[in-house]
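Observations on the three-dimensional arrangement
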Amino acid sequence: NAGVTQTPKFRILKIGQSMTLQCAQDMNHNYMYWYRQDPGMGLKLIYYSVGAGITDKGEVPNGYNVSRSTTEDFPLRLELAAPSQTSVYFCASSYQGQGIGTQYFGPGTRLLVL
Amino acid sequence: QQQVKQSPQSLIVQKGGISIINCAYENTAFDYFPWYQQFPGKGPALLIAIRPDVSEKKEGRFTISFNKSAKQFSLHIMDSQPGDSATYFCAASNGSEKLVFGKGTKLTVNP
């Protein structure tokens, strides 16, 4: 199993540009999550999904959108990038019933908005 | 409240010493308390977790101590090694789909 994969690893965006961060998992997990990590601030939940076709907002959803058309994929869309979106983005997944806290994280996407 | 407060922000320990990281929470509905370990350039990975029906859980050199009445839990790393140098996050869940994370502790173990 590859686990949770994320692409790209690093990206530089100009203010106002848009992009999609890709996330895929091959563990047949129902739950998927997007977090952002800023220095000294821990992990903040952006959006999450409890299954294909179902998504919900987390703590910091503004400026982002998600979709979940399949169990495997959970892309994060940034519209009109702003410097405040400079961060490291992590995708994670978990299997319902294994303990909600057991999340498996991808390697992250480092995004720089200039 | 959904907040989990973690301290210290950074910690330097000599090889062979004990590393202690503390977390406190307010929401008494939390019933799952994991610790995640993150190495530079990597995603966090589950290290050890505890539920409030026990006061302590040990896995190798890593121990979680849980104090339900004080609403506190801590991670103890015995015989700390340079390879333990990483950022550690405590977290809590109330059985919903979401975890609440602490802000992290950067541990440096000097050789």
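Look above for the structure.
Residues numbered from 1 in each chain as written. Chains lettered and ligands numbered in written order. Predicted model: local features only at pLDDT ≥ 70, side-chain atom pairs only at ≥ 80, totals over all residues. Heavy atoms only, no water.

This part covers the overall build of chain A. Looking only at helices and strands, chain A features 0 helices and 11 strands. Starting at the N terminus and walking to the C terminus, you meet the elements of chain A as β-β-β-β-β-β-β-β-β-β-β. For a compact globule of 114 residues, the expected C-alpha radius of gyration is about 13 Å, and chain A comes in at 13 Å, within 12% of that figure. Its C-alpha atoms give chain A principal-axis dimensions of roughly 40 × 30 × 25 Å. Evaluated residue by residue, chain A yields a buried proportion of 47% over its 114 residues. Counted over contacts in chain A with a minimum sequence separation of 6, partners at least 24 positions apart contribute 55%. Looking at chain A as shown, the accessible area adds up to about 5300 Å², and 51% of this sits on carbon and sulfur atoms. Of the charged side chains in chain A, 9 are positive and 7 negative, and the gap between their average positions amounts to 9 Å. (Helix = DSSP H or I, 4+ residues; strand = E, 2+ residues; numbered from the N terminus. Rg over C-alpha atoms; globule rule 2.2 N^0.38 Å. Buried < 20%, exposed > 50% of the residue type's maximum accessible area, 1.4 Å probe, protein only. Contact = heavy atoms within 4.5 Å. Areas by Shrake-Rupley, 256 points an atom, 1.4 Å probe, with all protein chains shown as cover. Lys, Arg positive; Asp, Glu negative; His and termini not counted. Charge placed at Lys NZ, Arg CZ, Asp CG, Glu CD.)

Counting its secondary structure elements, chain B contains 0 helices and 11 strands. Going from N to C terminus, chain B has its helices and strands arranged as β-β-β-β-β-β-β-β-β-β-β. Computed over its C-alpha atoms, the radius of gyration of chain B comes to 13 Å, within 12% of the 13 Å expected for a compact globule of 111 residues. For chain B, the spread of C-alpha atoms along the principal axes amounts to about 40 × 30 × 20 Å. Within chain B, contacts between residues at least 6 apart in sequence are counted, and of these 54% link residues at least 24 apart. Looking at chain B as shown, the accessible area adds up to about 5400 Å², and 49% of this sits on carbon and sulfur atoms. Considering chain B, the positive charge centre built from 12 side chains and the negative charge centre built from 8 side chains are found 6 Å apart.

What follows covers the sheet that holds strand 6 (residues 56-59) of chain B. Residue and element names in this part refer to chain B. The antiparallel open sheet is built from 5 strands, whose spatial order is 1-3-8-7-6. This sheet does not close on itself; its edge strands, each paired only once, are strand 1 (4-7) and strand 6. For this sheet, the mean angle separating the axes of adjacent strands, direction not counted, is 15°. In the sheet, strand 6 pairs with strand 7 (residues 62-67) via 4 bridges, with the strands oriented antiparallel. Following the sheet pairing, Lys58 is matched in strand 7 by Thr63. (Pairing = 2+ DSSP bridges. Axes fitted to C-alpha atoms, helices over the stretch in contact; angles between N-to-C directions.)

What follows covers the interface of chain A and chain B. With 20 residues of chain A at the contact, the number on the chain B side is 21 residues. In this assembly, chain A packs against chain B so that about 1600 Å² is buried in total across both faces, 61% of it on carbon and sulfur atoms. Taken together, the links from chain A to chain B amount to 0 salt bridges. Linking chain A with chain B are 4 residue pairs in polar contact (both at pLDDT 80 or more). Breaking the side of chain A that touches chain B down by element, the ones donating at least two residues are strand 4 (31-37) and strand 5 (43-51) of chain A. Each residue belonging to the side of chain A that touches chain B can be placed in one class, and the counts come to 12 nonpolar, 8 polar and no charged. (Buried area = accessible area lost by both parts, 1.4 Å probe. Salt bridge = Lys/Arg side-chain N within 4 Å of Asp/Glu carboxyl O. Polar contact = N/O pair within 3.5 Å; in protein donor to acceptor, adjacent residues only side chain to side chain. Nonpolar A, V, L, I, M, F, W, Y, C, P; charged D, E, K, R; others polar.)

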